[in-house]
Amino acid sequence: MDRDEEICASVITHTGAEHRRLANKVMEKALGQAGLSFDEISYVIATGYGRIRVPFADRQITELTCHARGVFRSSPDVRLAIDIGGQDAKGLKINGGKLLDFTMSDKCAAGTGRFLEIIADSLDLRLDDLGSLSLKSTNKVSISSTCTVFARQEVVSRISEGVPLEDILAGIHNAIASRVARMVERLKVEPEVVFTGGVAKNIGVVKALEENLGCEVLVPEEPLLSGAIGAALLGKEITLKAIAQGRPIPREERRLEEVTFFQ
Amino acid sequence: MAWFTGIDIGSGTSKGVITKDGKLEVYHMLASGVNYRMVSQKLREELLAKAGLCAEDIARTVTTGHGAGIIPFGNQHVADIQCCAKGINCIFPSVRMVIDVQGQSSQVIQVDKNGQVTNFAVSEACASGSGCFIEVIANVLQLELKDIGPLSLNAKNPVTFTTGCAVFGESEAISRVSEGIPKEDILAGVHKALAGKISTLIDRVGLKEPCAISGGGGLNVGLIKRVEELGIQLLVPPQPQIVNALGAAIMAEEQVT
């Protein structure tokens, strides 16, 4: 991101097991895309589960803070942000870009993207196809929202009973949406509601969330990038503040080189 | 001469028994698969054939278990908790508590001297509270279900599963394997996790002794060891999986006489 908050480059990659090596690859790719060298970057903030595994970052900031900031940029009137990722789901109460309260669930796969991955896998479908397929449903079935393993068994039973695939998928999307809706209840749902994370790419879950929350649900152009965009915005603010106060930019010693487990 | 049948369609295994004069005559088991209706009929046919009987010889049939609702025969459907209490009372009349570890849930049941339920607790609709958790981990380690109990006994440092979710547990198991942790330590960890869930169920109703284990979990020496480590001695029936079907048949008999 440049000083005018224009996004110059963005990279999205599957994380895999080796965070440290991956962080470098992502950085190099983004630099290549933007046509910049690493020394031209004023500030680097790492966020997310693997944020401590980014050896070249100047600072680590939690994904909650970064998310709130990133969502606020695309939707200044946001009051509730719902982020559903691969292994957790979060609800963020936001006002004027400030994080007021949050709730999260990371102890159970039901209500996370993992739930959808497992169902897609057992139906031999691509994750990207679930959403559009489910929209054809005319009679969604009821699927357990409390346990992924049992939901998978229910799906197999429904298939063997000849229930149309789209009705099963609609049931799956309703299961995850109703669970997340229950989770965010405490935060008091009010518009605007913004939905981010990988699962926000699934139109079936977006519709099911709207039904369960009883209000419109907005999805940013690239729902996977909200946290990274927020991190870049926070980095810009830290840099500009230091310059305005005539202080040096509070940088860490950076190492843009591959770090291995055996160093 | 009257024979009675108990049919228990579990989420994983279907069990049938024939009793006479309150005693077990014959039992039979099949994998449940996805078509409970079909498996229940096949189970009945094979059970009768094993006993050398025909359908008319059976005075009464009681059905139970996860898939009992859609069995196309049987005189009555009875909840698995009642059948379990009755069944364990037939095998071990002195037992006052039974832990039934099934494929989709675990239950802890207090039993009186007549085989009546006096109190019980059932796990939530969550795979990590049932035998399913162990199956999921056995699967990811590419081990046969029957081998994991004995293997887990060799563990030196049981791993700790952090989330209490079978799906996340699966990922944790994969991570531990890639870190070079021995399989037996992972298996001991999952048995410990399930034993912990069972222990919270016991706390809810209060421990009564003597205590027995039934269901598929009763076949697993690894699980039994981890429950016993919590200070609970367990009696194990010779065929722990057929306890509920046996109880169903005894109930059928009691309803007539």
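Quantities reported herein were computed from a predicted structural model and do not represent experimental measurements.

## Some words on the overall build of chain B
And then number 1: Helices and strands together make up the secondary structure of chain B, namely 8 helices and 10 strands.
And then number 2: For chain B, the C-alpha radius of gyration of 18 Å lies close to 18 Å, the compact-globule estimate for 257 residues.
And then number 3: Expressed along its principal axes, the backbone C-alpha trace of chain B runs to roughly 60 × 35 × 30 Å.
And then number 4: Counting only residues that meet the buried cut, chain B has 54% of its 257 residues in that class.
And then number 5: The contacts in chain B between residues at least 6 apart in sequence include a share of 68% that link residues at least 24 apart.

## Brief notes about the domain arrangement of chain A
Residue and element names in this part refer to chain A.
And then number 1: Taken domain by domain, chain A comprises domain 1 (1-75 + 224-263) and domain 2 (77-218).
And then number 2: Averaged C-alpha coordinates put domain 1 and domain 2 at centres separated by 29 Å.
And then number 3: On the domain 2 side, the residues contacting the 10 residues of domain 1 number 15 residues.
And then number 4: Considering each element in turn, the side of domain 1 that touches domain 2 owes the most residues, 7 residues, to helix H2 (residues 63-74).
And then number 5: A class-by-class count of the residues in the side of domain 1 that touches domain 2 yields 5 nonpolar, 4 polar and 1 charged.

## Examining the nonpolar core
Soluble globular proteins: nonpolar side chains tend toward being buried together.
And then number 1: Leu209(A), Val98(B) and Ala249(B) are the most contacted members of the largest nonpolar core, which has 122 residues in total.
And then number 2: When residues of this core are assigned to their parent elements, the largest contribution, 10 residues, is made by helix H6 (residues 165-184) of chain A.
And then number 3: Residues in contact with Val98(B), not counting those within four places in the same chain, are Cys84(B), Ala85(B), Ile88(B), Ile109(B), Val111(B), Ala212(B) and Ser214(B).

## Quick notes on the interface of chain A and chain B
Think of interface size as the accessible area that goes away when the parts come together; that is how it is often given.
And then number 1: Counting from both sides, the interface comprises 14 residues of chain A and, opposite them, 15 residues of chain B.
And then number 2: At the level of elements, helix H3 (113-122) and helix H5 (148-160) of chain A are the ones that each hand at least two residues to the side of chain A that touches chain B.
And then number 3: Among the elements that make up the side of chain A that touches chain B, the one with the highest residue count is H5(A) (6 residues).
And then number 4: Per-class residue counts for the side of chain A that touches chain B are 7 nonpolar, 5 polar and 2 charged.

## Here's the deal with the domain arrangement of chain B
All names here are of chain B.
And then number 1: Taken domain by domain, chain B comprises domain 1 (1-92 + 241-257) and domain 2 (93-236).
And then number 2: A C-alpha centroid distance of 25 Å is found between domain 1 and domain 2.
And then number 3: Contact residues are listed per partner, giving 15 residues for domain 1 and 21 residues for domain 2.
And then number 4: Among the elements that make up the side of domain 1 that touches domain 2, the one with the highest residue count is helix H2 (residues 80-91) (7 residues).

## So, the packing of H6(A) against helix H7 (residues 203-213) of chain A
Residue and element names in this part refer to chain A.
And then number 1: Where H6 meets H7, the closest approach of the two axes is 8 Å, and the angle between their N-to-C directions is 50°. Classified by the interaxial angle, the pair formed by H6 and H7 is oblique. Judged by the sense of rotation from one axis to the other, the crossing of H6 with H7 is right-handed. Facing Leu169, Ala170, His173, Asn174, Ile176, Ala177, Ser178, Val180 and Ala181 of H6, the residues of H7 in contact are Gly204, Val205, Ala208, Leu209, Asn212 and Leu213.
And then number 2: When its residues are assigned to classes, the contact of H6 with H7 shows 10 nonpolar, 5 polar and no charged.

## Re the sheet that holds strand S8 (residues 117-122) of chain B
All names here are of chain B.
And then number 1: With respect to topology, 5 strands assemble into an open sheet ordered S8-S7-S6-S9-S10, the strand pairing being mixed. The open sheet has two free edges, formed respectively by S8 and strand S10 (234-235), since each of these has just one partner strand.
And then number 2: Running over the sheet, H2 touches strand S6 (97-101), strand S7 (106-111), S8 and strand S9 (211-214) and is turned about 55° from S7.

## With respect to the environment of Gly33(B)
And then number 1: Secondary-structure assignment places Gly33(B) in the loop between strand S3 (23-31) and helix H1 (36-51).
And then number 2: Separated by 23 residues in sequence, Gly33(B) and Gly10(B) place their C-alpha atoms 9.8 Å apart.

## Thoughts on the pairing of strand S5 (residues 98-105) of chain A
Regular strands place side chains that alternate from one sheet face to the opposite one.
Residue and element names in this part refer to chain A.
And then number 1: Pairing of strand S4 (residues 89-95) with S5, which is carried by 7 bridges, proceeds in the antiparallel orientation. By the bridge assignment for S5, lysine 90 is matched with methionine 104.
And then number 2: Connecting the antiparallel pair S4 and S5 is a turn made up of 2 residues, with glycine 96 showing a positive phi of about 55°.

## Observations concerning H3(A)
And then number 1: For H3(A), the full list of buried residues reads Gly113(A), Arg114(A), Phe115(A), Leu116(A), Ile118(A) and Ile119(A).
And then number 2: Buried-residue contacts for H3(A) involve strand S3 (80-84), helix H4 (130-134), H5 and H6 of chain A together with helix H5 (166-178) of chain B.
And then number 3: Just downstream of H3(A), Asp124(A) is the residue with a positive phi angle, here 60°.

## Thoughts on the sheet that holds S3(A)
All names here are of chain A.
And then number 1: Read from one edge to the other, the open sheet built from 5 strands follows the order S5-S4-S3-S6-S7, with strand pairing classed as mixed. Every interior strand has two partners, whereas the edge strands, S5 and strand S7 (217-218), have only one.
And then number 2: One ladder, built from 2 bridges, connects strand S6 (residues 193-196) with S7; its direction is parallel. Bridged to valine 194 within S7 is leucine 218.

## Details of unusual backbone geometry
And then number 1: Put simply, Pro191(A) and Glu192(A) share a cis peptide bond, and its omega is 0°.
And then number 2: Here Glu209(B) and Pro210(B) are connected by a cis peptide whose omega angle stands at -5°.
And then number 3: Unlike most non-glycine residues, Asp124(A) shows phi in positive territory, near 60°.
And then number 4: As for its position among the elements, Asp124(A) is in the loop between H3 and H4.
And then number 5: We classify Asp124(A) as exposed; it has 6 C-beta atoms within 10 Å.
And then number 6: At Asp21(B), a residue that is not glycine, the phi angle is positive and equals roughly 55°.

## Quick look at the pairing of S3(A)
All names here are of chain A.
And then number 1: For S3, a buried count of 5 out of 5 residues is recorded, marking the element as mostly surrounded by other parts of the structure.
And then number 2: Here S3 shows two buried faces, one formed by Leu80, Ile82 and Ile84 and the other by Ala81 and Asp83.
And then number 3: Examined bridge by bridge, S3 and S4 share 5 bridges and lie antiparallel to one another. Residue isoleucine 82 lies in a different strand from S4, and its bridge partner there is glycine 91.
And then number 4: If you look at the hairpin formed by S3 and S4, you'll find 4 residues sitting between the two strands.
And then number 5: Note: S3 against S6, 4 bridges, orientation parallel. Bridge assignment links alanine 81 to a residue of S6, and that residue is valine 194.

Basis of the calculations
Residues numbered from 1 in each chain as written. Chains lettered and ligands numbered in written order. Predicted model: local features only at pLDDT ≥ 70, side-chain atom pairs only at ≥ 80, totals over all residues. Helix = DSSP H or I, 4+ residues; strand = E, 2+ residues; numbered from the N terminus. Rg over C-alpha atoms; globule rule 2.2 N^0.38 Å. Buried ≥ 20, exposed ≤ 12 C-beta atoms within 10 Å, placed from the backbone. Contact = placed C-beta atoms within 7 Å. Domains from an automatic or database assignment. Nonpolar A, V, L, I, M, F, W, Y, C, P; charged D, E, K, R; others polar. Core = buried A, V, L, I, M, F, W, Y, C linked by C-beta atoms within 7 Å. Axes fitted to C-alpha atoms, helices over the stretch in contact; angles between N-to-C directions. Parallel < 35°, antiparallel > 145°, perpendicular 65-115°, else oblique. Left-handed = near helix turned anticlockwise from the far one by under 90°. Pairing = 2+ DSSP bridges.

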